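# Per-entry structural report
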Amino acid sequence: MSTKHLVALLNSHIEGNEEQFLSIALQVAAQEARQGRTDDADKLKRLVQKARDQHRSGRPAGGQTPIPLARPRGELQGLVESAYPKVTLDSMVLSDDVHARLTRVVRQQQERSTLRDHGQAPTTHMLLVGPPGTGKTMTASALAGELHLPLFTVRLEALFSRFFGETAGKLRLLFDQIAQQRGVYLLDEFDAIGARRGDPNDVGEIRRVLNSVLAFMEERNSTDSLVLAATNHVEILDEALARRFDEVIEYDLPDPAAARAVLERRLGKFKLSPSSWSAIELAPNGLSQGELVRAADAVVKDAILEGTPKVLAEALARALQNRQTLKGKFRRPNGRQSGDARRIDDG
């Protein structure tokens, strides 16, 4: 292998560009074949094909999970959490439109070198909007799982509470991390920094932070990291932000069919018989995916502890009603949920 090939391999590894890494490996294989070392060339080609097959199937090499080497350090530690999710888009109950759009983003990321060869760039900045518990946070995990990338979750409210007066500087550290380490970055509760300028409650620090975010979104994303901003209150975001997102994806509360799909998947082997579902009114509940999951978990836990092989429709209906009652208690008179409720049910 030439020094040029070795340098290129190391650079692609550092950048997390697997496709470029494999392409260089094929170049080395071709060089080996030209020099008469056909056995070595064939071995390299087989390994590249095996790596691509495993990538498409979502199986890490050797069946092992990746070692979480990418962890926030220094001043970002405690503000940014890292994880290597295993969930995929197929593990979520999504509308056809949302699933198609997210699948398109995954393909653009996986084939970003092809796009760049034609002067295009993959989608990197996405705004996820919708009520609490409708799948925004899980989408970040699923995209990280699909792309085999680390998920970095940033709690912007914690950033403000701990470093008010220095927030813009701390965000600059985050932006530098994005420029150096490819991954999926989730900026949760994005309305904490994205509120419209000129708002009556606006202060100078928040304006500086918003201006920093706007400037960052104009910068070239050298690592092709996915930056996801999630909010329950898109109506208060500054209009200048919306123009800078490649994709804006809206999540809604599930309809009865989607609600049943969420519950059936979560109940697993404790699933109800088809005739039992007629006793459960899903349409008027207005519960989010997250609330449906918690209701299903409650009855499954009871079934496990009681040693019964199935759950009763009446028990599930009661659990759903309990979630509905709890949700009603956290609603303000104007219909908006309190901040505590947003944090409890967000997702």
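Residues numbered from 1 in each chain as written. Predicted model: local features only at pLDDT ≥ 70, side-chain atom pairs only at ≥ 80, totals over all residues. Heavy atoms only, no water.

## Structural notes on the overall build of the protein chain
Scanning the protein chain from N- to C-terminus turns up 15 helices and six strands. Of all 347 residues assigned to the protein chain, the portion counted as buried reaches 43%. In the protein chain, the proportion of contacts linking residues at least 24 apart, taken out of those at least 6 apart, comes to 77%. Total accessible area on the protein chain stands at roughly 18700 Å², and carbon and sulfur atoms take up 51% of it. (Helix = DSSP H or I, 4+ residues; strand = E, 2+ residues; numbered from the N terminus. Buried < 20%, exposed > 50% of the residue type's maximum accessible area, 1.4 Å probe, protein only. Contact = heavy atoms within 4.5 Å. Areas by Shrake-Rupley, 256 points an atom, 1.4 Å probe, with all protein chains shown as cover.)

## So, the side chain of Q289
Following the sequence through the fold, Q289 ends up in helix α13 (residues 289-306). Residues contacting Q289, with those up to four places away along its chain left out, are V93, G133, T134, D252, P254 and V262.

## Concerning the pattern of salt bridges
Inspection of the entire model under this criterion finds nine salt bridges. Residues R101 and E247 are paired through a salt bridge, measuring 2.8 Å at the closest nitrogen-oxygen approach. Separated by 146 residues along the polypeptide, R101 in helix α4 (residues 96-110) and E247 in strand β6 (residues 247-250) bring together distant segments of the chain. Taken as a pair, R101 and E247 share a single burial class, namely buried. With its nearest N and O atoms 3.3 Å apart, the salt bridge here joins D224 to R112. Taken together, the residues span a long stretch of sequence, with D224 in the loop between α10 (204-218) and β5 (226-231) and R112 in helix α5 (residues 112-117) at a distance of 112 residues. Given a relative accessible area of 7%, R112 falls into the buried group. (Salt bridge = Lys/Arg side-chain N within 4 Å of Asp/Glu carboxyl O.)

## Digging into empty space enclosed by the protein
This structure, assessed with the given rule, holds three cavities of 30 Å³ or more. The wall of the largest cavity is formed by H125, L187, F190, V213, F216, M217, V227 and F245. Of the residues forming the lining of the largest cavity, the biggest block, three residues, is contributed by α10. (1 Å grid on protein atoms, 1.4 Å probe; cavity = no way out; pocket = protein on both sides within 12 Å on 5 of 7 lines; lining within 4 Å. Points joined across faces, edges and corners; volume = space filled by probe spheres on them.)

## Regarding the packing of α4 against helix α6 (residues 136-147)
Axis separation between α4 and α6 bottoms out at 10 Å; the angle between their running directions is 35°. For the crossing formed where α4 meets α6, the hand is right-handed. Contacts from L102, V106, Q109 and Q110 in α4 reach T139, L143, E146 and L147 in α6. (Axes fitted to C-alpha atoms, helices over the stretch in contact; angles between N-to-C directions. Left-handed = near helix turned anticlockwise from the far one by under 90°.)

## What to know about the packing of helix α12 (residues 256-267) against α13
For any two helices packed against each other, the geometry comes down to the angle between their axes and how far apart the axes lie. Two elements in contact, α12 and α13, have axes whose closest approach is 9 Å; the angle formed by their N-to-C orientations is 40°. Taken as a pair, α12 and α13 cross one another with a handedness that is right-handed. Contacts from A259, V262, L263, R266 and L267 of α12 reach α13 at Q289, L292, V293, A296, D297, V299 and V300. Counted by class, the contact of α12 with α13 contains nine nonpolar, one polar and two charged residues. (Nonpolar A, V, L, I, M, F, W, Y, C, P; charged D, E, K, R; others polar.)

## Focus: the environment of P85
With respect to the element layout, P85 can be found in the loop between β1 (80-83) and α4. Separated by 66 residues in the primary sequence, P85 and L151 have C-alpha atoms spaced 7.1 Å apart. Excluding residues that lie within four positions of it along the chain, P85 makes contacts with S141, A144, G145, L149 and L151.

## Comments concerning a nonpolar patch on the surface
On the surface, a cluster of nonpolar side chains totalling about 300 Å² of accessible area is made up of L6, L10 and I14. By the element assignment, L10 lies in helix α1 (residues 3-15). (Patch = residues over 30% accessible without salt bridge, like charges linked within 9 Å, V, L, I, M, F, W, Y side chains within 5 Å.)

## Considerations on α4
In an α-helix, one full turn covers 3.6 residues, which means residues spaced three or four apart are oriented alike. When the terminal C-alpha atoms of α4 are compared, their 21 Å separation across 15 residues agrees well with the 21 Å that a helix rising 1.5 Å per residue should span. Residues of α4 that are buried include every one of V98, R101, L102, V105, V106 and Q109, and no others. The arc that holds every buried residue of α4, seen down its axis, measures 140°, which confines them to one face. In this structure, α4 carries D96 and R107 as exposed residues pointing more than 90 degrees from its buried face. (Expected span 1.5 Å × (residues − 1). Arc of directions from axis to C-beta.)

## Side note on the confidence of the model for the protein chain
A low pLDDT means the predicted coordinates there should not be read in detail. When pLDDT is averaged along the protein chain, the result is 78; 77% of the residues meet or exceed 70. For residues 57-69, every residue scores under 50 in pLDDT, and the model assigns this stretch 10 contacts once sequence neighbours within four places are set aside. Confidence drops under pLDDT 50 across residues 333-346; counting only partners more than four residues distant or on other chains, this segment forms 32 contacts. (pLDDT = per-residue confidence, 0-100.)

## Regarding the pairing of strand β4 (residues 184-188)
Among the five residues in β4, five count as buried, and that is most of the element. By the alternation rule, side chains of β4 split into V184, L186 and D188 and Y185 and L187, which are all buried. Bridge analysis of β4 against β5 gives four bridges, and the strand direction is parallel. Bridge pairing in β5 places V184 opposite L226. (Pairing = 2+ DSSP bridges.)

## Comments concerning helix α8 (residues 167-180)
Its 14 residues give α8 an end-to-end C-alpha distance of 20 Å, which sits within 8% of 20 Å, the value for a rise of 1.5 Å per residue. For α8, the full list of buried residues reads T167, K170, L171, L174, F175, Q177 and I178. The buried residues of α8 occupy an angular sector of 155° when the element is viewed end-on, so they sit on one face.

## Quick look at unusual backbone geometry
One non-glycine residue, H148, lies in positive phi territory at about 55°. As for its placement among the helices and strands, H148 is situated in the loop between α6 and β3 (151-155). Note on H148: relative accessible area 33%, which makes it partly exposed. In this structure, D224 is a non-glycine residue whose phi angle is positive, near 60°.

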